[in-house]
Amino acid sequence: MHGRAKRDIGLLAAGSLVSTAGDSAALVALLLELRTSGVGWISAALGAELLPFVLFASFSGRLVDRVDNRRLLVIALAGQALVAVPLAVARTPWLVIALFFALNAVSTLVRPAANAMVPVLSGEDEATSGYAWVATGGGIGWIVGPAAGGLLTAAFGVTTTLGVDAATFVVMAAACRLLSTTRSSAKAAETGQPKHGGMRIIWQDTVLRWSILTTAIVVACAVVDNVAAPYRFINQLATSSSGYGFYLALWGVGALAGSQLPRKITTSALPTSLAIGNGLSGLGIVGIGLAPSLGLALCASALGGIGNGVANVTQSALVASRVGADQRGRAFAAVGATIQTGVGVGTVAGAPLVAGIGAGHAMTAAGGVAALLAGITAIWMVARQ
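This section reports on the structure supplied with the text. (Residues numbered from 1 in each chain as written. Predicted model: local features only at pLDDT ≥ 70, side-chain atom pairs only at ≥ 80, totals over all residues. Heavy atoms only, no water.)

Two measures describe an aromatic ring pair: the distance that separates the ring centres and the angle between the ring planes. This model, assessed by the stated rule, comprises 3 aromatic pairs. On the basis of an interplanar angle of 75 degrees and a centroid distance of 6.0 Å, the ring pair of Phe56 and Phe101 is categorised as edge-to-face. A residue pair is termed long-range when its members are at least 10 positions apart, and Phe56 in the loop between helix H2 (39-55) and helix H3 (57-64) and Phe101 in helix H5 (residues 93-122) qualify at 45 residues. For Phe56, a relative accessible area of 28% translates into the label partly exposed. Classification of Phe101 as partly exposed rests on a relative accessible area of 27%. For the cation-ring pair, Arg209 lies above Trp203, with the distance from its terminal atom to the ring centre recorded as 5.0 Å. Over the face of the ring belonging to Trp133 we find Arg263, whose NZ or CZ atom lies 4.2 Å from the ring centre. (Phe/Tyr/Trp six-rings, centres within 6.5 Å; stacked < 30°, edge-to-face > 60°. Helix = DSSP H or I, 4+ residues; strand = E, 2+ residues; numbered from the N terminus. Buried < 20%, exposed > 50% of the residue type's maximum accessible area, 1.4 Å probe, protein only. Lys NZ or Arg CZ within 6 Å of the ring centre and 35° of its normal.)

Next up on the list: helix H12 (residues 270-290). Taking 1.5 Å of rise per residue, the 21 residues of H12 would be expected to cover 30 Å, and the 30 Å separating its terminal C-alpha atoms lies within 8% of that figure. Summarising burial for H12: 16 of the 21 residues are buried, a large majority. (Expected span 1.5 Å × (residues − 1).)

This part takes up the pattern of salt bridges. As enumerated under the stated definition, the model contains 6 salt bridges in all. Note that Arg4 and Asp8 form a salt bridge whose closest N and O atoms lie 3.4 Å from each other. With Arg4 and Asp8 both in helix H1 (residues 3-35) and 4 residues apart, this pair spans about one turn of that helix. Two residues, Arg183 and Asp65, come together in a salt bridge whose shortest N-O distance is 2.6 Å. In this pair, Arg183 sits in the loop between helix H7 (158-177) and helix H8 (186-191) while Asp65 sits in the loop between H3 and helix H4 (69-89), placing the two residues 118 residues apart along the sequence. Taking the relative accessible area as the measure of exposure, Asp65 reaches 3% and is therefore buried. One continuous salt-bridge network, built from bridges that share partners, spans Arg4, Arg7 and Asp8. (Salt bridge = Lys/Arg side-chain N within 4 Å of Asp/Glu carboxyl O.)

Turning next to the nonpolar core. Counting 69 residues, the largest nonpolar core has Leu87, Tyr131 and Val319 as the members making the most contacts within it. If one sorts the elements of this core by residue count, H5 sits on top with 13 residues. Setting aside anything within four residues of it in sequence, one finds Tyr131 in contact with Asn115, Val118, Pro119, Val313, Ser316, Ala317, Ala320 and Phe332. Counting residues in hydrophobic clusters, the runner-up holds 21 residues, among them Cys221, Tyr247, Trp251 and Ala300. (Core = buried A, V, L, I, M, F, W, Y, C linked by side-chain atoms within 4.5 Å. Contact = heavy atoms within 4.5 Å.)

Bringing the layout of surface pockets into the picture now. Its volume calculated, the second largest pocket comes out at about 240 Å³. Residue lining of the second largest pocket: 16 residues in total, with Glu124, Asp125, Ala127, Thr128 and Thr267 positioned closest to the centre. Among the elements of the structure, helix H6 (127-156) and helix H13 (294-322) are those that each provide at least two residues to the lining of the second largest pocket. Per-class residue counts for the lining of the second largest pocket are 5 nonpolar, 5 polar and 6 charged. (1 Å grid on protein atoms, 1.4 Å probe; cavity = no way out; pocket = protein on both sides within 12 Å on 5 of 7 lines; lining within 4 Å. Points joined across faces, edges and corners; volume = space filled by probe spheres on them. Nonpolar A, V, L, I, M, F, W, Y, C, P; charged D, E, K, R; others polar.)

Below, the discussion takes up the environment of Ser16. With respect to the element layout, Ser16 can be found in helix H1. Its relative accessible area of 11% is what places Ser16 among the buried residues. C-alpha of Ser16 to C-alpha of Ala238: the two residues are 222 residues apart in sequence and 36 Å apart in space. Not counting the four nearest positions on each side in its chain, Ser16 is found in contact with Val134, Gly137, Gly138 and Met172.

Spelled out as structure tokens, the structure:
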């Protein structure tokens, strides 16, 4: 990447770091705040985080493909900051959920717009490296954010933590405002309202169809891991909350390392790389489920995180490489909706699976399904080349 591209990608990555850290800190604060109101409100908050990406994918994707993306990012991020301010002072559970839903509804514009902008900022030939830089920023944010959220909430309260989140949206809006290039809607305007929705764009490409479907299933399996992990580490491996914390940290560090690996990968190898990343995530979950000791379970966590990081970068790069520039907003919105559906399915399935067969067996089964499906997909992708 040349100097301007490095600057722009650096701005987007830095904005992603700050905003992701703020979002994850805010989620911790909200869950702590709602905990005293009952588990039903916790579930409602998690639903308010997921549902907008499924419900509004079609509208968001079409809008991203029709308007100036730099301006859209600035306006949407400013809108999130405005929503975060009353959220910081809201105390009635239903109002907290409504505002949190609104916050994530606006985020359905930010994510596809940012993803669609990366190839424009980095250059099409350097898009994978661009996605790796943005994933690095987001990965650091996810490592720092939850810890910061817990510390800020304990020291200063929920209002301060959510106020900090509002400030992070302003920081990212400023970063996007400084971008020297934007993604134009000129081509979309020439052809009129886009005829095909994002799901059709993904589905009509065989490689994307199976890659994204496999990834969604792997994500569903990984969410089962999230449900089972506290019981696996604390009840079965006889560690404390610190051991569970190490698991989360090592998965995050692994994902950060994994996001660096695909930087120089060729476009033709992206589908196979995505399948391998998914497979490593599945094997990591299997390893946690089968590990006879805490040390081996933590090593498996790092392996799963590496696969997660590889998959995150290659998924975005694969979509960008196989979808026309004027369709990427719809495509990324559809991918987001598909992945979030996987999160919802895994969340619903996790509790009864853990209750029925135990945490370790649940992780082994979920990870095994993910690894097997990813392996089959990898073999099929290699055979197609």
